[in-house]
Amino acid sequence: MSKKYYSTKVVGVGGQVANFLSAGKMLVMFDDSMVLPELRDISVLHSGNQINDIIKPGSIFKIVDTEFRILKVGNDVQNNLKNLGHVVIKFDGGTGELLEGSIHVEDKPIPKIQVGDEISIFEGADSSLNGKTAAIVNADSEIGKAVAQILTDNGVTIVADKNKADILIDVK
């Protein structure tokens, strides 16, 4: 099990959270005791805001049972989480503008968030592959598929053109 940097429990889900997630791929989080009344409706409210280390790219953001690799971290994330329990998670694959209080994660389906869910951040795998591209020869084999999954889990983008790949793997 990887080292857990951050953990909290969902105690409320504002009525506009689903709209923010579907339209903007954005999750606004606040500690229930710190949120302004006018922000409650757009926020996931949590308690038990515990930070044990520095949150950084390559770490894993986990909500419900879904994990998202963290791609970018704004300069104010650590202080905002510690002092306000506040952060904005952007599920945009790291393509959007990085704001000081936001974390950008992989762009993949976002689970429905409910009261009682745990939100956590874990130490990620070695990030030396993060951002690289790979082409896999014989990728249709079971071993090829497994290699592709391991690579994508570690931040590698699989490409079809071997001339555009940082890494070329020939599965035999």
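Notes on the structure in this doc start here.

The rules behind these values
- Residues numbered from 1 in each chain as written.
- Predicted model: local features only at pLDDT ≥ 70, side-chain atom pairs only at ≥ 80, totals over all residues.
- Heavy atoms only, no water.
- Helix = DSSP H or I, 4+ residues; strand = E, 2+ residues; numbered from the N terminus.
- Buried < 20%, exposed > 50% of the residue type's maximum accessible area, 1.4 Å probe, protein only.
- Phe/Tyr/Trp six-rings, centres within 6.5 Å; stacked < 30°, edge-to-face > 60°.
- Pairing = 2+ DSSP bridges.
- Salt bridge = Lys/Arg side-chain N within 4 Å of Asp/Glu carboxyl O.

As a further point, take unusual backbone geometry. Although it is not a glycine, lysine 25 sits at a positive phi angle of roughly 50 degrees. One can find lysine 25 in the loop between helix 1 (17–24) and strand 2 (26–31). Look at valine 64: it is not a glycine, yet its phi comes out positive at around 55 degrees. Mapped onto the secondary structure, valine 64 falls in the loop between strand 4 (60–63) and strand 5 (66–73). The exposure class of valine 64 is partly exposed, given its relative accessible area of 30%.

What follows is about the packing of aromatic side chains. For the coordinates displayed, the defined rule picks out 3 aromatic pairs. Ring geometry for phenylalanine 61 and phenylalanine 68: centres 6.4 Å apart, planes at 50 degrees, overall tilted. Classification of phenylalanine 68 by relative accessible area gives buried; the value is 0%. A centroid spacing of 6.3 Å and a plane angle of 65 degrees characterise the contact between phenylalanine 61 and phenylalanine 91, whose relative ring orientation is edge-to-face.

The next thing to look at is the pairing of strand 8 (residues 118–122). Most of strand 8 sits out of view: 4 of its 5 residues are buried. Strand direction decides the pairing type here: strand 1 (residues 4–13) and strand 8, joined by 5 bridges, are antiparallel. By the bridge assignment for strand 8, lysine 4 is matched with phenylalanine 122. Where strand 4 meets strand 8, 4 bridges bridge the pair, whose relative direction is antiparallel. Its bridge partner lying in strand 8, isoleucine 60 is registered against phenylalanine 122.

Below, the discussion takes up the sheet that holds strand 10 (residues 157–158). With parallel pairing, 3 strands are arranged side by side in an open sheet as 10-9-11. Bordering the open sheet on either side are strand 10 and strand 11 (167–170), each of which pairs with just one other strand. Where strand 9 (residues 133–137) meets strand 11, 4 bridges bridge the pair, whose relative direction is parallel. Looking across to strand 11, one finds that isoleucine 136 is bridged to isoleucine 169.

A word on the pattern of salt bridges. Under the definition given, this model contains 7 salt bridges. The closest approach of N and O atoms between glutamate 118 and lysine 4, which form a salt bridge, is 2.9 Å. Here glutamate 118 is found in strand 8, whereas its partner lysine 4 is found in strand 1, with 114 residues between them in sequence. Classification of glutamate 118 as partly exposed rests on a relative accessible area of 27%.

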